[in-house]
Amino acid sequence: ELQETKTSEYFSLFHHPLDYRILLMDEDQDRIYVGSKDHILSLNINNISQEPLSVFWPASTIKVEECKMAGKDPTHGCGNFVRVIQAFNRTHLYVCGSGAFSPVCTYLNRGRRSEDQVFTIDSKCESGKGRCSFNPNVNTVSVMINEELFSGMYIDFMGTDAAIFRSLTKRNAVRTDQHNSKWLSEPL
Ligand SMILES: *[C@@H]1O[C@H](CO)[C@@H](O)[C@H](O)[C@H]1NC(C)=O
Ligand SMILES: *[C@@H]1O[C@H](CO)[C@@H](O)[C@H](O)[C@H]1NC(C)=O
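These figures come from a predicted structure and were not determined experimentally. (Residues numbered from 1 in each chain as written. Chains lettered and ligands numbered in written order. Predicted model: local features only at pLDDT ≥ 70, side-chain atom pairs only at ≥ 80, totals over all residues. Heavy atoms only, no water.)

Section: unusual backbone geometry
Peptide bonds are mostly trans, and most non-glycine residues show a negative phi.
Line of reasoning, step 1. Positive phi values are uncommon outside glycine, yet N146 reaches one of about 50 degrees.
Line of reasoning, step 2. Inspection of the secondary structure puts N146 in the loop between β10 (141-145) and β11 (148-154).
Line of reasoning, step 3. The exposure class assigned to N146 is exposed, which follows from its relative accessible area of 74%.
Line of reasoning, step 4. One non-glycine residue, L168, lies in positive phi territory at about 60 degrees.
Line of reasoning, step 5. In this fold, L168 is placed in the loop between β12 (162-167) and β13 (174-175). (Helix = DSSP H or I, 4+ residues; strand = E, 2+ residues; numbered from the N terminus. Buried < 20%, exposed > 50% of the residue type's maximum accessible area, 1.4 Å probe, protein only.)

Structure, rendered in structure tokens:
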């Protein structure tokens, strides 16, 4: 039905399902960022038909192997599912993925202006524990405020410990109480 209205367009990447959960609108640069399996896309809001910019950001081979050995689903679990995209500063986004059940984060350079066509990822990643869920099939909720990241998610491999975590901070990283049912409980 939507296709018939000609206001929408079907989109796929290399004919694989995108498996995306999050979008971020960037109204300064007129882009929309999409986090999916092993890829982050940047689409032009003014012309969605334009070829998107994209970065390929897979989990390391070792992590993928470990993930499979742990009995996780190779297709829907053992990849780097990007679940956090936040604007960090004028030039950089902060992004995190499930990293084949070993969360990772890094900075992504989107340039100063859209015309620059810059979209590159910082090769050195940091641990995404407390920033992004291990399991890509449960939600991670995040917000960036003054270069501090607040994430709500399960912070452990087993998915039993739910918390809101403050990180990327010059202050101490903090988390909500572990055994306090008034704080955050079963956030699925
Ligand atoms: C949008 O992008 C497509 C593909 O690059 C191009 O063919 C089309 O002319 C563009 N439309 C507008 C309104 O700029
Ligand atoms: C934004 O943050 C990144 C990562 O810390 C840094 O490399 C870059 O220079 C910063 N850009 C600006 C405009 O402050």
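A few points about the state of the cysteines
Line of reasoning, step 1. In the structure shown here, the tally under the stated rule is two disulfides.
Line of reasoning, step 2. Across the disulfide, C67 is cross-linked to C78 (sulfur-sulfur distance 2.1 Å). Measuring the twist about the S-S bond at about -85 degrees, one finds the C67-C78 disulfide to be left-handed. Here C78 lies in the loop between α1 (61-69) and β5 (82-87) and C67 lies in helix α1, a separation of eleven residues in the sequence.
Line of reasoning, step 3. Overall, C78 belongs to the buried group, its relative accessible area being 5%.
Line of reasoning, step 4. When the bonded cysteines of the protein chain are numbered from the N-terminus onward, they pair as 1-2, 3-4.
Line of reasoning, step 5. Note on C125: no disulfide assigned, nearest cysteine sulfur contributed by C105 at a separation of 8.5 Å. (Disulfide = S-S within 2.5 Å.)

Quick word on the side chain of R83
Line of reasoning, step 1. Summarising the element assignment, R83 is placed in strand β5.
Line of reasoning, step 2. If we skip the residues at most four places from it in the chain, R83 touches D19, Y20, R21, I22, G35, C96, G97, C132, P136 and T140. (Contact = heavy atoms within 4.5 Å.)

Regarding the nonpolar core
Line of reasoning, step 1. In this structure, Y33, I40, I85, L93, V95, L108 and F119 are the most contacted members of the largest nonpolar core, which totals 13 residues.
Line of reasoning, step 2. Elements represented by at least two residues in this core include exactly β1 (22-26), β4 (53-56), β5 and β6 (92-97).
Line of reasoning, step 3. Every residue in contact with L93, bar those within four places of it in the chain, is listed here: L24, Y33, I85, Q86, A87, F88, T106, Y107, L108, R110 and F119.
Line of reasoning, step 4. Core analysis: the next-biggest nonpolar cluster, separate from the first, contains nine residues, Y94, C96, C132 and L149 among them. (Core = buried A, V, L, I, M, F, W, Y, C linked by side-chain atoms within 4.5 Å.)

What to know about the packing of aromatic side chains
Line of reasoning, step 1. With the rule as written, the count across this model stands at five aromatic pairs.
Line of reasoning, step 2. Ring geometry for Y33 versus F119: centroids 5.9 Å apart, planes at 10 degrees, classification stacked. Of this pair, Y33 sits in strand β2 (residues 31-35) while F119 sits in the loop between β7 (104-109) and β8 (120-121), placing them 86 residues apart in sequence. Each member of the pair, Y33 as well as F119, is classed as buried.
Line of reasoning, step 3. Arranged with centres 6.2 Å apart and planes meeting at 85 degrees, the rings of F134 and F157 form a pair that is edge-to-face. In this pair, F134 is assigned in the loop between β9 (126-127) and β10 and F157 in the loop between β11 and β12, connecting sequence segments 23 residues apart. (Phe/Tyr/Trp six-rings, centres within 6.5 Å; stacked < 30°, edge-to-face > 60°.)

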